[in-house]
Amino acid sequence: DKGLEKTKENVFSKLTKMIAGKSTVDDDVLDELEEILVTSDVGVSTTLKIIERIEDRVARDKYLGTSELNAILREEITGLLEENNSADFDKLNINDNARPYVIMVVGVNGVGKTTTIGKLAHKFKQSGKKVVLGAADTFRAAAVDQLHIWGDRVGVRVVSQQMGSDPASVAYDTLQSAVANGEDVAIIDTAGRLHNKVGLMNELTKIKNVMQKVVPDAPHEILLVLDASTGQNAIEQCKQFTQATDVNALALTKLDGTAKGGVVIGISDQFKIPVKYIGVGEGINDLQLFNKVEFVNSLFK
Ligand code: GDP
């Protein structure tokens, strides 16, 4: 359960304290439960959904014991989370016919995009895949530099051009050279400027279209990286990016430093996009494949 201690502390210990001395799930218990979920950043609408489901159970069983609340919460929350179909990093749902398998990574600056790309590259490499990174965030010199640092650390190739060059051109170069080199996975970093929604949409669309000239069904994955410690801001970013492009996977970072891990539940419920990876530290190995049952168990153990 590395990395989830703070959220667990926030959710589970408050829950334990709250139900101590109370035997049945009454209105007070439900009110307090609502507050615990909201303060863990589950989000108001998802919290109300969970509370309603528990109310339904109470309606059926008036004497529902607080001792059962744990198991019920686990069950209800697990039901709200989207299933992550990638069971392990070896398979990592890589379609063998897709060569290279292309992951376009989106998200605002500072959320942990570069770090997540580096960790992912490491996981792929460990599972025997050949990986290349594309530095298509050409607006920040620091972004390109950081990607090179990660490339060196992991031991994978990084394709970049000059600062300010066309991001789509970098993506195109990356895929062309990946095909030429027989690389299995290409991970493309993009700029995460959100101040202009139409601009963001146009830029991501252009990158996609250009990539499809090399790999017709690229990108296979559009991975949105969100910082879990920003709670409701992460939800807002998810809204913006899903409007701008077809995000089909989420990575939630910095779960190790926050008590707001409940945001994982709210985001999965609201957007119906699977959380695929979670970041639980700054190190190269601090990336886990998200497993909803394990996640919920670790919060309510
Ligand atoms: P980018 O601007 O989105 O590319 O963000 P970076 O990858 O440069 O990360 C920003 C900061 O967040 C760095 O200091 C990272 O070490 C840190 N970071 C990224 N992921 C995690 C994580 O899962 N846990 C923690 N504690 N820090 C992280």
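One numbering rule holds for all chains: residues counted from 1, following each sequence as written. Per-residue local features of the predicted model are confined to residues with pLDDT of at least 70, and side-chain atom pairs are confined, for both listing and counting, to 80 or more; whole-chain, interface and lining totals are unaffected and use all residues. Only hydrogens and water are set aside; all other atoms, that is, all heavy atoms of the structure, feed into the side-chain values.

As recorded by an unreviewed UniProt entry, the protein carries the name Signal recognition particle receptor FtsY and is attributed to Solitalea canadensis. Per its UniProt entry, the protein bears the Subunit (unreviewed entry) comment "Part of the signal recognition particle protein translocation system, which is composed of SRP and FtsY." UniProt positions are given in the numbering used here, feature names are shortened, and annotations may be inferred rather than shown by experiment. The record in UniProt for the protein states the following under Function (unreviewed entry): "Involved in targeting and insertion of nascent membrane proteins into the cytoplasmic membrane. Acts as a receptor for the complex formed by the signal recognition particle (SRP) and the ribosome-nascent chain (RNC)."

K.L.:
Give a description of the overall build of the protein that names residues and reports values.
P.N.:
Scanning the protein from N- to C-terminus turns up 11 helices and 8 strands. If you line up the protein on its principal axes, its C-alpha atoms span 65 × 40 × 30 Å. Once the 35 positive and 42 negative side-chain charges of the protein are each reduced to a mean point, those two points are 4 Å apart. Counting from the N terminus, the helices are the DSSP runs of H or I reaching at least four residues and the strands are the DSSP runs of E reaching at least two. We treat Lys and Arg as the positive residues and Asp and Glu as the negative residues; His and chain ends play no part in the count. Charged groups are reduced to one reference atom each: NZ for lysine, CZ for arginine, CG for aspartic acid, CD for glutamic acid.

K.L.:
Account for the UniProt feature "domain: SRP54-type proteins GTP-binding" (unreviewed entry) in the protein, naming residues and giving values.
P.N.:
In the numbering adopted here, UniProt assigns the feature "domain: SRP54-type proteins GTP-binding" (unreviewed entry) to residues 274-287. Across residues 274-287 one finds 0% helix and 43% strand; the C-alpha atoms that close the span lie 16 Å apart.

K.L.:
Let's hear about the site of the ligand: which residues, and what values?
P.N.:
Any residue with at least one heavy atom within 4 Å of a molecule or strand is counted as near it. In the vicinity of the ligand, 16 residues are found, and the nearest of them are Gly 110, Thr 114, Thr 115, Asp 256 and Glu 282. Pairs of N or O atoms are called polar contacts if they sit within 3.5 Å, as long as, within protein, a hydrogen donor faces a hydrogen acceptor (for residues adjacent in sequence, only side-chain-to-side-chain pairs). Between an oxygen atom of the ligand and a side-chain N or O atom of Lys 119, the distance comes to 3.5 Å. The backbone of Val 280 places a nitrogen or oxygen atom 3.4 Å from an oxygen atom of the ligand. The protein chains shown are the only cover counted for residues, whose accessible areas, like all others here, come from Shrake-Rupley with a 1.4 Å probe. Protein coverage of the free-state accessible area of the ligand, which is 580 Å², stands at 78%. Element by element, the count of residues in the shell around the ligand is highest for helix α5 (residues 113-126), at 4 residues. Per-class residue counts for the shell around the ligand are 3 nonpolar, 7 polar and 6 charged. Residues are grouped as follows: Ala, Val, Leu, Ile, Met, Phe, Trp, Tyr, Cys and Pro are nonpolar; Asp, Glu, Lys and Arg are charged; every other residue, Gly included, is polar.

K.L.:
Please set out helix α6 (residues 141-154) residue by residue, giving values where relevant.
P.N.:
Helical periodicity: at 3.6 residues per turn, an α-helix aligns residues three or four positions apart in one direction. In a regular helix each residue adds 1.5 Å, so 14 residues correspond to 20 Å; α6 covers 20 Å between its end C-alpha atoms and thus fits that length. Residues of α6 that are buried include every one of Ala 143, Val 144, Leu 147, Trp 150, Gly 151 and Val 154, and no others. Viewed end-on, α6 has its buried residues packed into an arc of 125°, placing them on one side of the element. Contacts were defined at the residue level, with two residues in contact if any of their heavy atoms lie within 4.5 Å. As for α6, its buried residues are in contact with α5, β2 (131-136), β3 (157-159) and β4 (185-190). Taken from the residues just after α6, Gly 155 is the one with a positive phi, measuring 85°. Every helix has an expected span of 1.5 Å times one less than the residues it contains. Burial here depends on accessible area, computed with a 1.4 Å probe over protein chains only, as a share of the maximum for the residue type. Under 20% is buried, over 50% is exposed, and the range in between is partly exposed. The arc in question is traced by the directions running from the helix axis to the C-beta atoms.

K.L.:
I'd like to hear about the pairing of β2, residue by residue, with values.
P.N.:
A large share of β2 lies buried, amounting to 6 of its 6 residues. Burial along β2 is two-sided: Val 131, Leu 133 and Ala 135 and Val 132, Gly 134 and Ala 136, pointing in opposite directions, are all buried. Between any two strands, at least two bridges found by DSSP are needed for them to pair. Bridge analysis of β2 against β4 gives 6 bridges, and the strand direction is parallel. Bridge pairing in β4 places Val 131 opposite Val 185. Note: β2 against β3, 3 bridges, orientation parallel. Within β3, the position partnered with Leu 133 by the bridge is Val 158. When the strands point away from the viewer and the path from the first strand over the helix to the second turns clockwise, the crossover is right-handed. The parallel pair β2 and β3 is bridged by α6, and the resulting crossover is right-handed.

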